[in-house]
Amino acid sequence: DSSYDGQRAITMTLDGQISIGEELATNWDNAKHAEVADYDKDGFDELFFASADLYDGMMKIAQLNDMNIEWSAGGEYDDSIGVITIADANNDGYKDALYVNNRHLVVADIYNQVLIWESPDFSWSIHDTAVANLDKTGRQEIIIASDDLLSIWSYNQSLGNYTQSSSVAVDCKRVLVDDLN
């Protein structure tokens, strides 16, 4: 036990009854990011959350109704999970997990158990990510906001990987993408 308080899932029923769950992990590195989605379309939402036991940060997914862990990644010395974004990055109809581990972004197809992409390390901290079909080609782009760079990464079919297609040197903390037309 690291003596750090861990995250808890707080749920509310339709009639307003609130329940506070048990600690999810010891949370050594003060992980505070979480998202909820039904990534596998089974009718039950899953909780995507960052946790840490001592120096070993992890990305975990738990079935929200019983908190059973369905998937996890990380757990190596000095892994530190930050921002979590849930979106269909590869257009297969299932939500994927995008999460920051230290200074790089990991994109994982949880449903098919496939690593989609792992970005190169950024110079500074990554603060936010988003997924959107910016160029209307049908393939999603990944937007990454960091301390010194706002960048767009596009899928390069010939390389079979994402490459940086645009960037601007700016300190950016949050990203929101929407079609204003």
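Attention in this report is confined to the structure presented alongside it.

Criteria and thresholds
The numbering scheme is per chain: residues are counted from 1 as the chain's sequence reads. Two thresholds apply to this predicted model, a pLDDT of at least 70 for residue-level local features and 80 or more for giving and counting side-chain atom pairs, whereas whole-chain, interface and lining totals are computed over all residues. Values reported for side chains reflect all heavy atoms of the structure, with hydrogen atoms and water molecules removed beforehand. What makes a nonpolar core is a set of buried Ala, Val, Leu, Ile, Met, Phe, Trp, Tyr and Cys residues whose side-chain atoms join them at distances within 4.5 Å. Only protein chains enter the accessibility calculation, which uses a 1.4 Å probe; a residue whose area is less than 20% of its type maximum is buried, one above 50% is exposed, and one in between is partly exposed. Strands are runs of DSSP state E lasting at least 2 residues, helices are runs of H or I lasting at least 4, and numbering of each runs from the N terminus. The residues that make up patches have over 30% relative accessible area and no salt bridge, and they are joined within 9 Å when like-charged or within 5 Å when they are Val, Leu, Ile, Met, Phe, Trp or Tyr. Calculation of accessible area relied on Shrake-Rupley with a 1.4 Å probe; when residues are assessed, cover is drawn exclusively from the protein chains displayed. Salt-bridge detection follows one rule: a side-chain nitrogen of Lys or Arg within 4 Å of a carboxyl oxygen of Asp or Glu. For the purpose of charge, His is not counted, nor are the chain termini; Lys and Arg are scored as positive and Asp and Glu as negative. Lysine's charge is taken at NZ, arginine's at CZ, aspartate's at CG and glutamate's at CD.

1. Overview of the nonpolar core
Counting residues in hydrophobic clusters, the biggest one holds 17 residues, and the most contacted among them are Leu98, Leu105, Val107, Trp117, Ile142, Ile144 and Trp153. Residue assignment for this core shows that the elements contributing at least two residues are strand S7 (81–87), strand S8 (96–101), strand S9 (104–109), strand S10 (114–118), strand S11 (126–132) and strand S12 (141–146). Core analysis: the next-biggest nonpolar cluster, separate from the first, contains 16 residues, Phe48, Met59, Trp71 and Ala108 among them.

2. Thoughts on a nonpolar patch on the surface
On the surface, a cluster of nonpolar side chains totalling about 480 Å² of accessible area is made up of Ile10, Met12, Ile18 and Ile20. When contributions to the nonpolar patch are tallied by element, the ones reaching two or more residues are strand S1 (8–12) and strand S2 (18–23). Within the secondary structure layout, isoleucine 10 lies in strand S1.

3. Concerning a negative patch on the surface
A cluster of acidic residues, Asp42, Asp45, Asp66 and Glu70, forms a negative patch on the protein surface. Position of aspartate 45 relative to the elements: it lies in the loop between strand S3 (34–37) and strand S4 (46–53).

4. Remarks on the pattern of salt bridges
Counted under the stated rule, the structure contains four salt bridges. When the shortest N-O distance is used, the salt bridge between arginine 8 and glutamate 23 registers 3.8 Å. With arginine 8 in strand S1 and glutamate 23 in strand S2, this pair connects stretches of sequence that are 15 residues apart. Note on arginine 8: relative accessible area 44%, which makes it partly exposed. Across the pair aspartate 147 and lysine 173 runs a salt bridge whose closest N-O atoms are separated by 3.2 Å. You can see aspartate 147 sitting in the loop between S12 and strand S13 (150–156) and its partner lysine 173 sitting in the segment after strand S14 (161–168), a full 26 residues away along the chain. On the basis of relative accessible area, lysine 173 is assigned to the partly exposed category, the value being 42%. By sharing partners, the salt bridges in this structure join Asp147, Asp171 and Lys173 into a single network.

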